[in-house]
Amino acid sequence: MKLTLYSDYSLRVLMFLARTEQRTQIDEIAKFYNISKNHLTKVVNNLGTLGYIETTRGRGGGITLKMAPEEINIGKLIRKTEEHFNIVECFDRETNTCPIIDHCGLMSVLGEALTAYLKVLDQYTLKDILAKKTFTL
């Protein structure tokens, strides 16, 4: 499974805001992560529309978290920021051209894996991912 940059940047913005706990400018976040301000602006606008952050325009404006970190579920956020979860071509019945779809179990196996992936993300909040943890593959 791989997240789009859009979801990655959404998580980064929320993590930055949770750590700073103050009104922040998009420029500051873009500089911190060394990412495009234009792309980040789109992400921030979407996070505002989704209700995760509050945006204030004008002098003294900026962005802040609108929800407490423990109220932001990672699985729900990812479902809202990913365009689709079509891991392979056959996940999209409208554009699928695979000739073996009726005789192949790959879609079922990958569907099960996707469900498990999202189930794990559903177990965590923004507060949980702010803690430094290590993992192994």
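Residues numbered from 1 in each chain as written. Predicted model: local features only at pLDDT ≥ 70, side-chain atom pairs only at ≥ 80, totals over all residues. Heavy atoms only, no water.

Under an unreviewed UniProt entry, the protein chain has the name HTH-type transcriptional regulator NsrR and belongs to Macrococcoides goetzii. In UniProt, the protein chain has this text filed under Cofactor (unreviewed entry): "[2Fe-2S] cluster". (UniProt positions renumbered as here; feature names shortened; annotations may be inferred.)

(A) Molecular detail of the domain arrangement of the protein chain. Splitting the protein chain by domain gives domain 1 (5–65) and domain 2 (69–131). Each of domain 1 and domain 2 has a C-alpha centre, and these two points are 25 Å apart. Taken together, the 13 residues of domain 1 in the interface contact 13 residues of domain 2. Carbon and sulfur atoms make up 73% of the area that domain 1 and domain 2 hide from each other, which totals about 1100 Å². Together, Ser 7, Leu 11 and Tyr 52 form the three largest contributors to the area buried by domain 1 at its contact with domain 2, with a combined 43%. (Domains from an automatic or database assignment. Contact = heavy atoms within 4.5 Å. Buried area = accessible area lost by both parts, 1.4 Å probe.)

(B) Structural detail: the pattern of salt bridges. Across all of its chains, the model carries 3 salt bridges by this definition. Residue Arg 12 pairs with Asp 8 through a salt bridge whose shortest N-O separation is 3.1 Å. Within this pair, Arg 12 and its partner Asp 8 are both found in helix H1 (residues 5–20), separated by 4 residues, close to a single helical turn. Between Lys 37 and Asp 27 there is a salt bridge, and its shortest N-O distance comes to 3.1 Å. One end of the pair, Lys 37, is in helix H3 (residues 37–49); the other, Asp 27, is in helix H2 (residues 26–33), with 10 residues separating them in the sequence. (Salt bridge = Lys/Arg side-chain N within 4 Å of Asp/Glu carboxyl O. Helix = DSSP H or I, 4+ residues; strand = E, 2+ residues; numbered from the N terminus.)

(C) Here's a closer look at the environment of Leu 130. As for its position among the elements, Leu 130 is in helix H6 (residues 126–130). Residues Leu 130 and Asn 73, 57 residues apart in the sequence, show an inter-C-alpha distance of 13 Å. Excluding residues that lie within four positions of it along the chain, Leu 130 makes contacts with Met 15, Ala 18, Arg 19 and Pro 69.

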